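Each chain, letter by letter, is given below.
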Amino acid sequence: MNPLKLKPCTLESTIMDWADIRPMSYDKWADPYTRCRVILMNGTEFEANWFTHQFSRNCNNNDVRRVLAFIRRGEQQQQKLISLLKPVDETVLEHTIGYEQLAVDLTAHLAKKEPDKYVKKALDFALLEDFDHLYRYANFLDMETGVHAENLVGGYTEIMPARPTVSHYRHPLDTIRYSINNNTASPLTRLCVGIITAAEQQTMNFYMNVCGLYPNDRGRFLYQEIGMVEEDHVTHYGSLMDPCASWFENLVMHQYTEAYLYYSMYQTETDMNVKKVWERLFEQEVAHLHVASDLLRRFENKEPESVIGSDGTFPDVLCLESNIPYVRRVIEKSAQMTSNCEDYICVNSLRDDSRFFAYQNAVNTDLNYVQSHMIIEDRIRQRGEDYRFETAPNPLEELRCRTCDNTELGRVRDASCACSLEI
């Protein structure tokens, strides 16, 4: 499939009426990856909307700004439509399980296919943290409602600790990565960096907004804490983007990424109603892509293929699926890793005066205020052990105890010998 070779519809024809953007919602107990696809595309649309707002605010050509406004109005309608695919009987906590399942299985899928070793390390590094977030939220969900998250994830994604959330707090100076060069990066890498940044940004925004609205302090504090980790992840992934790409080049890449994702969602969707939504929005994104390509030609005398890095033909579709063996390998090898400037390092190798230890001491002064830890301790006190869904014992012996939450792995020296990101 090459969207550049398709005949696009007009921008005018992409505008939808109210009936069009009020769809039938999915069944929360059906395919869990439908929920994940909805979350992913919601985040992709937010990124596209926010990018064109920033482009418009940094552009002095009103003709260009008018085109951006037209594209953005369509993107806004798309996002509003996607938001209502979430069923009204799906609670915030249940929807949150979908956010973390998406983070785990999307990141693992991208990492397994990523040709750039440095980008792959970035994916594997943050993967463990989202995996641990799933475990924390699942325990909170069980305590709040008695719902077992394994039913929401369909048994496709395990629920158990990895690098503990308490260990995720690093100094801001250590969250910046080396950026890719679009002139040399593969088309797959360009897509990967944009997709994962949008997905993590959506998670950060969701937690930030839910934080103050959750009806009790246990939930407010948990969303607050994990929302701060997601800020770290957005910085982590966003810094991989090529900062030398022009506004027009980035516009083309955003629209191409959206078209690729809608095509992938359409090809893999199991809910026939939602599948029709992906098909319609793919057709709209093809129109947006062609308009963005025309702007690139007009103002920079470049062809969209130079931005995409190929003739425009999509790579293999993005498929959300179970990644249990892969995630287990990452846990086994890299739970004790942290970062130092642009690189990754085993906590065992850090000096006493490292920024990591100083930041940990500043943020986690008293572990009784670390809500991700206290949630597990509360569950253990109430039920005698934590909540898990495992296909086998945890790959690390340090994480197998179900009556005590590990708060040292990844933040204290010699808490484990697992120190490698060479997966």
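For the structure itself, consult the block above.
Described in the following lines is the structure provided in the data block.

Each value, and the rule that gives it
- Residues numbered from 1 in each chain as written.
- Predicted model: local features only at pLDDT ≥ 70, side-chain atom pairs only at ≥ 80, totals over all residues.
- Heavy atoms only, no water.
- Helix = DSSP H or I, 4+ residues; strand = E, 2+ residues; numbered from the N terminus.
- Contact = heavy atoms within 4.5 Å.
- Polar contact = N/O pair within 3.5 Å; in protein donor to acceptor, adjacent residues only side chain to side chain.
- Disulfide = S-S within 2.5 Å.
- Core = buried A, V, L, I, M, F, W, Y, C linked by side-chain atoms within 4.5 Å.
- Buried < 20%, exposed > 50% of the residue type's maximum accessible area, 1.4 Å probe, protein only.
- Axes fitted to C-alpha atoms, helices over the stretch in contact; angles between N-to-C directions.
- Parallel < 35°, antiparallel > 145°, perpendicular 65-115°, else oblique.
- Left-handed = near helix turned anticlockwise from the far one by under 90°.
- Nonpolar A, V, L, I, M, F, W, Y, C, P; charged D, E, K, R; others polar.
- Phe/Tyr/Trp six-rings, centres within 6.5 Å; stacked < 30°, edge-to-face > 60°.
- Lys NZ or Arg CZ within 6 Å of the ring centre and 35° of its normal.
- Expected span 1.5 Å × (residues − 1).
- Salt bridge = Lys/Arg side-chain N within 4 Å of Asp/Glu carboxyl O.

Relative to the helices and strands, Glu-150 is located in helix H5 (residues 149-152). The spacing of Glu-150 and Ala-138 is twelve residues in sequence and 8.4 Å in space, taken between C-alpha atoms. Beyond its immediate stretch of four places on either side in the chain, Glu-150 contacts Gly-155, Ile-159, Tyr-387, Arg-388 and Phe-389. Engagement of the side chain of Glu-150 in a polar contact is seen with the side chain of Tyr-387, the distance being 2.8 Å.

A full pass over the atoms with the stated rule returns zero disulfides. Of the cysteine sulfurs around Cys-244, a residue in no disulfide, the closest is that of Cys-192, at 19 Å. You can see Cys-404 has no disulfide; the closest cysteine sulfur is in Cys-401, sitting 5.5 Å from it.

The tendency in soluble globular proteins is for nonpolar side chains to be buried side by side. Leu-106 and Trp-278 are the most contacted members of the largest nonpolar core, which totals 110 residues. With 16 residues, the top contributor of residues to this core is helix H4 (residues 117-145). When residues no more than four places from it in sequence are discounted, the contact partners of Trp-278 are Arg-37, Val-38, Met-41, Ile-82, Leu-85, Tyr-262, Met-265, Tyr-266 and Glu-269.

This part covers the packing of helix H8 (residues 247-268) against helix H9 (residues 272-300). As a packed pair, H8 and H9 sit with axes 8 Å apart at the nearest point and diverge in direction by 160°. One finds that H8 runs roughly antiparallel with respect to H9. Regarding H8 and H9, the two cross each other, and that crossing is left-handed. Broken down by class, the residue content of the contact of H8 with H9 amounts to 17 nonpolar, four polar and six charged.

Let's shift gears to the side chain of Gln-360. Within the secondary structure layout, Gln-360 lies in helix H12 (residues 355-363). Only 3.1 Å separates the side chain of Gln-360 from the backbone oxygen of Val-166, close enough to count as a polar contact. Polar contacts involving the side chain of Gln-360 include one to the side chain of Arg-411, which spans 2.8 Å. Setting aside residues no more than four positions away along its own chain, Gln-360 makes contact with Val-166, Ser-167, His-168, Tyr-169, Thr-365 and Arg-411.

Another aspect to go through is the packing of aromatic side chains. Enumeration over the complete set of coordinates arrives at 25 aromatic pairs. An angle of 20° between the planes, with centres 5.2 Å apart, marks the rings of Tyr-33 and Tyr-156 as stacked. Placement of Tyr-33 in helix H1 (residues 32-57) and of Tyr-156 in the loop between H5 and helix H6 (187-211) is noted, with a sequence separation of 123 residues between them. Exposure remark for Tyr-33: the relative accessible area of 4% places this residue in the buried category. These aromatic residues form a ring-pair network of at least three members: Tyr-99, Tyr-137, Phe-140, Phe-206, Tyr-207, Tyr-214 and Tyr-223. Positioned above the aromatic ring of Phe-125 is the side chain of Arg-163, whose terminal nitrogen or guanidinium carbon lies 4.5 Å from the ring centre. Over the face of the ring belonging to Tyr-266 we find Lys-275, whose NZ or CZ atom lies 4.3 Å from the ring centre.

Residue pairs spaced three or four apart in an α-helix point in one direction, given the helix's 3.6 residues per turn. Look at helix H7 (residues 217-238): 31 Å from first C-alpha to last across 22 residues, which is about the 32 Å you get at 1.5 Å a residue. Measuring from the side-chain oxygen of the N-cap residue of H7 to the backbone nitrogen of Arg-218 gives 3.2 Å; that N-cap residue is Asn-216.

This paragraph deals with the side chain of His-109. For His-109, the location among the structural elements is in helix H3 (residues 92-113). We classify His-109 as buried; its relative accessible area is 6%. Setting aside anything within four residues of it in sequence, one finds His-109 in contact with Val-317, Leu-318, Cys-319 and Asn-323.

On the secondary structure map, Ser-25 appears in the segment before H1. In this view, Ser-25 contacts Leu-84, Leu-85, Lys-86 and Pro-87; residues no more than four positions away in its chain are not counted. A distance of 2.9 Å separates a polar atom in the side chain of Ser-25 from the backbone oxygen of Leu-84. Polar contacts involving the side chain of Ser-25 include one to the main-chain carbonyl oxygen of Lys-86, which spans 3.4 Å.

When the charged atoms of two side chains lie near each other, side chains of opposite charge can form a pair. Tallied over the full model, the rule gives 30 salt bridges. Between Asp-20 and Arg-280 there is a salt bridge, with the nearest N and O atoms lying 3.3 Å from each other. Of the two residues, Asp-20 is situated in the segment before H1 and Arg-280 in helix H9; the sequence distance between them amounts to 260 residues. Since its relative accessible area comes to 35%, Arg-280 is described here as partly exposed. Here Arg-297 ties to Glu-303 by a salt bridge, and the two come within 2.9 Å at their closest N and O atoms. With a relative accessible area of 34%, Arg-297 lands in the partly exposed category.

In this section: the packing of H4 against H7. Two elements in contact, H4 and H7, have axes whose closest approach is 11 Å; the angle formed by their N-to-C orientations is 170°. Judged on the interaxial angle alone, H7 and H4 are roughly antiparallel. Classified by chirality, the crossing of H7 by H4 is left-handed. Together, Ala-122, Leu-123, Phe-125, Ala-126, Glu-129, Asp-130, His-133, Arg-136, Tyr-137, Phe-140, Met-143 and Glu-144 of H4 and Arg-218, Gly-219, Leu-222, Tyr-223, Ile-226, Val-229, Glu-230, His-233, His-236 and Tyr-237 of H7 make up the contact between the two elements. When grouped by side-chain class, the residues that make up the contact of H4 with H7 number twelve nonpolar, four polar and six charged.

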